[in-house]
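Residue-level listing of the chains:
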Amino acid sequence: MTTATSSSAPTPAAYAELSAIALRVREHILRLSTDGGCFTGASLSCADLFVFLYARFLRINYERLDDPERDYLLLSKGHDVPALYGTLAELGWIPIERLSNHLKTNDFIYWHPNRHVPGVEFHSGSLGHLPAVGLGIALDIKLRGASNRVVVVTGDGELDEGSVWEALLVASAYRLDNLVIVVDRNHFQANVRTEELIPLEPMAPKFEAFGCAVVRIDGHDFGQMEAAFSRLPFEEGKPSVIIADTVRGKGVPSIEARADRWFCNFSAEEVEALLRELHGEARAQLTSETLTVR
Amino acid sequence: MNYQELIRQTALRDERVVVMTAENRAVLRELPPVLGPRFVDVGIAEQTMIGAAAGLALRGRIPICHALAPFLIYRAYEFVRTDVGIAHLPVKLSSWIAGFLSEANGPTHQAIEDVALMRAIPGMTVFCPADEADMLAMLPAIWASPDPAYVRLIVRKTDYPHAPFEIGRAEIVSEGSDVTLLVYGLLFEEARQTARLLEQQGWSVGLINMRSLKPVDEEAILRAARTSRRLVTIEDHLLTGGLYSIVAETLLKHRQTADVLPLALQERWFRPALLADVLAFEGFTAERMAQRIVALPAE
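Keep in mind that this is a model prediction, so the values were computed, not measured.

Rules of the game
Residues numbered from 1 in each chain as written. Chains lettered and ligands numbered in written order. Predicted model: local features only at pLDDT ≥ 70, side-chain atom pairs only at ≥ 80, totals over all residues. Axes fitted to C-alpha atoms, helices over the stretch in contact; angles between N-to-C directions. Helix = DSSP H or I, 4+ residues; strand = E, 2+ residues; numbered from the N terminus. Parallel < 35°, antiparallel > 145°, perpendicular 65-115°, else oblique. Contact = placed C-beta atoms within 7 Å. Nonpolar A, V, L, I, M, F, W, Y, C, P; charged D, E, K, R; others polar. Pairing = 2+ DSSP bridges. Domains from an automatic or database assignment. Core = buried A, V, L, I, M, F, W, Y, C linked by C-beta atoms within 7 Å. Buried ≥ 20, exposed ≤ 12 C-beta atoms within 10 Å, placed from the backbone.

1. Examining the packing of helix α9 (residues 218-227) of chain B against helix α10 (residues 243-253) of chain B
Packed helix pairs are characterised by how far apart their axes lie and by the angle those axes make with each other.
Residue and element names in this part refer to chain B.
Right, on to step 1. Viewed as axis vectors pointing N to C, α9 and α10 meet at an angle of 80°, and their least axial separation amounts to 10 Å. Here α9 lies roughly perpendicular to α10, going by the angle between them. Along its contact with α9, which presents E218, I221, L222 and A225, the element α10 presents V247, T250 and L251.
Right, on to step 2. Each residue belonging to the contact of α9 with α10 can be placed in one class, and the counts come to five nonpolar, one polar and one charged.

2. With respect to the sheet that holds strand β7 (residues 171-174) of chain B
All names here are of chain B.
Right, on to step 1. Ordered by their spatial adjacency, five strands build an open sheet running β7-β9-β8-β11-β12, and the pairing between neighbours is mixed. Because the sheet does not close on itself, it has two edges, and the strands there are β7 and β12 (260-265). Averaged over all neighbouring strand pairs, the angle between strand axes comes to 20°, with direction disregarded.
Right, on to step 2. Where β7 lies against strand β9 (residues 205-209), three bridges are found, and the strand directions are antiparallel. Its bridge partner being in β9, S174 is matched across the sheet by L207.
Right, on to step 3. With respect to the sheet, α10 is in contact with β8 (179-183), β11 (231-238) and β12, its orientation differing from that of β11 by roughly 135°.

3. So, the environment of P148 of chain B
Right, on to step 1. Among the structural elements, P148 of chain B can be located in the loop between α7 (132-144) and β6 (149-152).
Right, on to step 2. Ignoring anything within four residues of it in the chain, the contact list for P148 of chain B reads V84, G85, H88, L89, P90, V91, G123, M124 and T125 of chain B.

4. Notes on the domain arrangement of chain B
Put simply, an interface is often sized by how much accessible area is lost when its parts join up.
Residue and element names in this part refer to chain B.
Right, on to step 1. Partitioning chain B into structural domains gives domain 1 (3-152) and domain 2 (171-294).
Right, on to step 2. A C-alpha centroid distance of 26 Å is found between domain 1 and domain 2.
Right, on to step 3. Opposite the 24 residues of domain 1 that make contact, domain 2 presents 27 residues.
Right, on to step 4. Those elements that provide at least two residues to the side of domain 1 that touches domain 2 are α6 (114-119) and β5 (125-128).
Right, on to step 5. For the side of domain 1 that touches domain 2, the element with the highest residue contribution is β5, accounting for four residues.
Right, on to step 6. Residue composition of the side of domain 1 that touches domain 2, grouped by class: 14 nonpolar, five polar and five charged.

5. Brief notes about the interface of chain B and chain A
Right, on to step 1. Between chain B and chain A, the contact holds 27 residues from the first and 28 residues from the second.
Right, on to step 2. Looking at the side of chain B that touches chain A residue by residue, the class counts come to 13 nonpolar, seven polar and seven charged.

6. Quick notes on the nonpolar core
Right, on to step 1. In terms of nonpolar packing, the biggest core is built from 182 residues, with M49, A53, C65, L181, L182 and L213 of chain B touching the most fellow members.
Right, on to step 2. Element by element, the count of residues in this core is highest for helix α2 (residues 40-57) of chain A, at eleven residues.
Right, on to step 3. The residue makeup of this core includes at least three contributed by each of domain 1 (3-152) and domain 2 (171-294) of chain B.
Right, on to step 4. Setting aside residues up to four positions removed in sequence, C65 of chain B forms contacts with M20, M49, I50, A53, L72, V91, K92, L93 and S94 of chain B.

And the structure:
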C-alpha cells in the first residue's frame, strides 16, 4: 500500500470551488434529515468524495448518458444516496427542487438509489452487490478494448459481506485494472464502531492479498483525492482500491463520529440549528432520539 | 413487556437460547450486557449468521436470528433452506420490517415474497402476528416448538384484545354472512376498520386474523367459505404464494370453491414512502379496501 501525497493538488481556486459545492451538498443532506429523515451521518462522510468524483474525475456527460465510452460510478452503500442526490443537484444533473420530493409518492427520491433518477447507474440498498455488478461492467469494457473506468463506492461495514471479496477475487483473476473500489472508511456500521464489532484492520493488506493495488487517503482532502485518482490504475492488471478515511457526520461536530447519528429524523428546528452549526455558528442542541434500525 | 424484554426473560430462563443478529441491534440494544456471549452479532453477514445458527442448533442451542427481513431470508435463503431446512433445526427467524413496514427504503428492502419463500421450505413454520400484543402472545409457543420458524415481527400497537395463541389456529374476530376478511400482520388493523365501514353500510362481516400461515388453520378458511358469500384476502405481500394462494390451495384440496377477492401486490414492488402514504398510494387504507369490496359486482 502507498499513501497519497498532495503533490498534484487542485489549484486554490479549484479547491475552494469543490469545498463550496461540498458545503451546499451537506446543506441538502441536513435538509433531508427531517419529515421521515435519512441516513445523515453516513451521507456526510462521503459528500466530499462524491463532489470530487463528479466534478473532477468521472468522464460522464449527464446529457449523454448513453455514451458507451463514459465512466461509471456505482453507489454500493446505497443509504448514502442523499450525498449523491445533493451532488447531482448541485452539478445540474437533476433540478434542486426535486429534492423536496423526498419520501413522497410523486417521485422516487427515497432512502436508497434507483434508476428513476438520471445518473444513478443501478439500484442498491442491499450491501455487497455492486462490486459484482461493477465487475460485470468492467469486464464488458475490457472485452470491447475500451478505456472507461468503473468506480464502485462501498462502505466499510459493507466489507463484512462475503460477496465483496468474491467479486475482488474474480476481478483480480480477470486482471480488471479498470475497476476502482473506493471504501468510505468512516469507521462505523449502523450503530456500532466497526473495530468494536467485526474488526476490519489492517484493511489494506486484506485487499492486497486479494490481488488489488491499494492507496489510502484522507477522504476529506481534495488534494489527496487528486493525487490518488490521477494515477489510476495503480498497477497494470490489478483492480485498484482507494481506502478513504472519513468521519461519519463530517462537517457538523455535534453529530460527528457518533454511533447514534446514522439514520436521523430531526425536528425542523434541529435542522435549522444544524445548518447554523455547519456554517460555523453555534453548536446545535439536539434532543431527537436517532438510534434506529432501517 | 416488549420484544426485547420477552427475549431477555426467555434467554435468562433457558440457557439454550442464543440471540443472533446481522448488525440490526437497535431494538436489542440492552441484550448484549445481559446475555454476554449468548448475544452474537456477526456484522453484515447474513449467510454466515444462518450457517452459524445451524451449527449452534446442532449443539442443542435455540438460535433466535434477528435481522432485516430481506437480508435475513433472501440474502441467506440457500443457507436457510439447506442448513436449517434440510437438517430441520430449531432456528427461529425474527424478521424486521417485512411487507409495508420497510416504508421508504425501496424494493431492495421490500420483503413481499417472504411468506411464499419461507413456506416453500419443507418443515419450516410461518407466523405473522397482527400487532405487538399478538406477537408477544405468539412468540413463546413458536420458540418452544422443535421446528424452524419464520416470524414477521411487528411492534405496532392496536387495542384489540387477542385470544391465547395456538400454533396452526387462526383467531376468529367475527363471523359474517356477506363477506369474510382474511388478513395477517400489519394490515389487521386496517382490515378491522374496513369491517367497521362495511358494517355501517349494513353488511354482515367476518374477520379472521390468520396468525399461523404454516401450518394454516384450514378449518377456519373452509368454514368462512361455507358461511360467507365472499372471501377477501388482505396482505402486504405479492399475490404469488401468499395468503391468496394458501386459501386457493386449501379450498381445492377440500374440493370446495368460493368467490375470493385478493387484495395484494400484483407483479410489482410498492411505491417507497412513509407508511401512511404507502397505504394510500397502494390502496390499502380501510376506506379504499371497503370501496374495492363494495364495488364488486353482485353475484
